[in-house]
2 protein chains.
Amino acid sequence: MSQYEHTCMIRGDGGRTIRAVLDRICDKWTLLIVVTLDQGRLRFSDLHRRIPGISQRMLTLSLKNLERDGLVSRTAYAEVPPRVEYALTPMGQSLIPPALALAGWATEHIAEIEASRAAYAERM
Amino acid sequence: MSQYEHTCMIRGDGGRTIRAVLDRICDKWTLLIVVTLDQGRLRFSDLHRRIPGISQRMLTLSLKNLERDGLVSRTAYAEVPPRVEYALTPMGQSLIPPALALAGWATEHIAEIEASRAAYAERM
DNA sequence: CAGAATCCGGCTTGATACTG
DNA sequence: CAGTATCAAGCCGGATTCTG
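The rules behind each value
- Residues numbered from 1 in each chain as written.
- Chains lettered and ligands numbered in written order.
- Predicted model: local features only at pLDDT ≥ 70, side-chain atom pairs only at ≥ 80, totals over all residues.
- Heavy atoms only, no water.
- Buried < 20%, exposed > 50% of the residue type's maximum accessible area, 1.4 Å probe, protein only.
- Helix = DSSP H or I, 4+ residues; strand = E, 2+ residues; numbered from the N terminus.
- Contact = heavy atoms within 4.5 Å.
- Salt bridge = Lys/Arg side-chain N within 4 Å of Asp/Glu carboxyl O.
- Least-squares fit on C-alpha atoms with pLDDT ≥ 70 in both.
- Pairing = 2+ DSSP bridges.

Chain A goes by Transcriptional regulator, HxlR family in an unreviewed UniProt entry, where it is assigned to Actinacidiphila glaucinigra.

### Regarding helix H2 (residues 16–25) of chain B
Counting buried positions over the 10 residues of H2(B) gives 7, a clear majority of the element. Listed in full, the buried residues belonging to H2(B) are Thr17(B), Ile18(B), Arg19(B), Val21(B), Leu22(B), Arg24(B) and Ile25(B). Against the buried residues of H2(B) lie helix H3 (30–37) and helix H7 (96–123) of chain A together with helix H3 (30–37) of chain B.

### Section: the pattern of salt bridges
Under the counting rule described, the total for this entry stands at 18 salt bridges over all chains. The salt bridge involving Arg19(A) is made with Asp23(A); its shortest N-O contact spans 2.9 Å. Taken together, the residues Arg19(A) and Asp23(A), both in helix H2 (residues 16–25) and 4 residues apart, mark about one turn of the helix. With a shortest N-O distance of 2.8 Å, Asp69(A) and Arg117(B) are connected by a salt bridge. With Asp69(A) in the loop between helix H5 (56–68) and strand S2 (72–77) and Arg117(B) in helix H7 (residues 96–123), the pair connects residues from two separate chains. A residue is classified by how much of its surface remains accessible, and Asp69(A), at 5% relative accessible area, is buried. Linked through salt bridges whose partners overlap, the residues forming this network are Arg24(A), Arg68(A), Asp69(A), Glu114(B) and Arg117(B).

### Remarks on the relation of the copies chain A and chain B
It takes a turn of 180° to lay chain A on chain B, together with a shift of 0.0 Å along the axis; the resulting RMSD is 0.1 Å. The two molecules are tied by a two-fold rotation axis, judged by turn and shift. Residue Cys26(A) of chain A places its C-alpha closer to the rotation axis than any other residue of that unit, at 2.7 Å. The overlap is high: 100% of the interface residues of chain A also sit at the interface in chain B, so the same surface is used on both sides.

### Some points on the pairing of strand S2 (residues 72–77) of chain B
All names here are of chain B. Across 6 bridges, the pairing between S2 and strand S3 (residues 83–88) is antiparallel. Bridged to Tyr 77 within S3 is Arg 83. Connecting S2 to the antiparallel partner S3 that follows it, the hairpin turn spans 5 residues.

### Thoughts on the pairing of S3(B)
Residues and elements named next belong to chain B. Burial of S3 is extensive: 6 of the 6 residues sit out of reach of the surface. Note: strand S1 (residues 42–43) against S3, 2 bridges, orientation antiparallel. Bridge assignment links Leu 42 to a residue of S3, and that residue is Tyr 86.

Okay, here's the thing in structure tokens:
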């Protein structure tokens, strides 16, 4: 069967648990924001700069969802101009190792995937 | 800085690599299909049964994309009624550990996330 | 059994403009 | 600076029907 015995536990509910979390962190930006915040406490504009391509709107929404889910903490300072800092909560930090595992796999296999894609397109 | 030194490598391109792979495996069903196929070689109808909630259409499309990307192999037998089996390629199998890491995190923290969500909704 | 084809509603996302 | 508000587009995904 599986080469990883605890798989059955994860599939025990027919994938509902993994689907529930996938629905939360597997949108377009969330996981990338979490990995970026592993660099430490960052301001809104810092995040915006470090994540190329994300819109203000999406950064706002994603951060709000992450805060609601308890993965990110938001700290607003009563200053002018306003300053808001975001940081990973302990639970958010616990997501870093699996997230990096996936990211590591990504960097290792992206070329092979692209090659497979190209070969597939060639055959058409 | 980061507690995981190789993070900088992953973020080196501004997250473009991780985004490229996220775009591929982080749709609604792909990762779940991969994890399910870790059980071994499965027929189309088997997959359909083992993944509750997925439509025929989405299973077909996801499998086609996985095959194109070189993560899944498809074997059709010339029989009536037709039989088609799907299995992970070596690259597909290499995705299992990171995928399970994420799935494991999911099962461990889903309750805490739900609690945080509930508390958040309460405050509103 | 294992799909392919079609239709279509809705959610996600992006662009833009505005504000405390 | 750190958002909010509004709008429109596009893609995702579900339901259904049909086929070799």
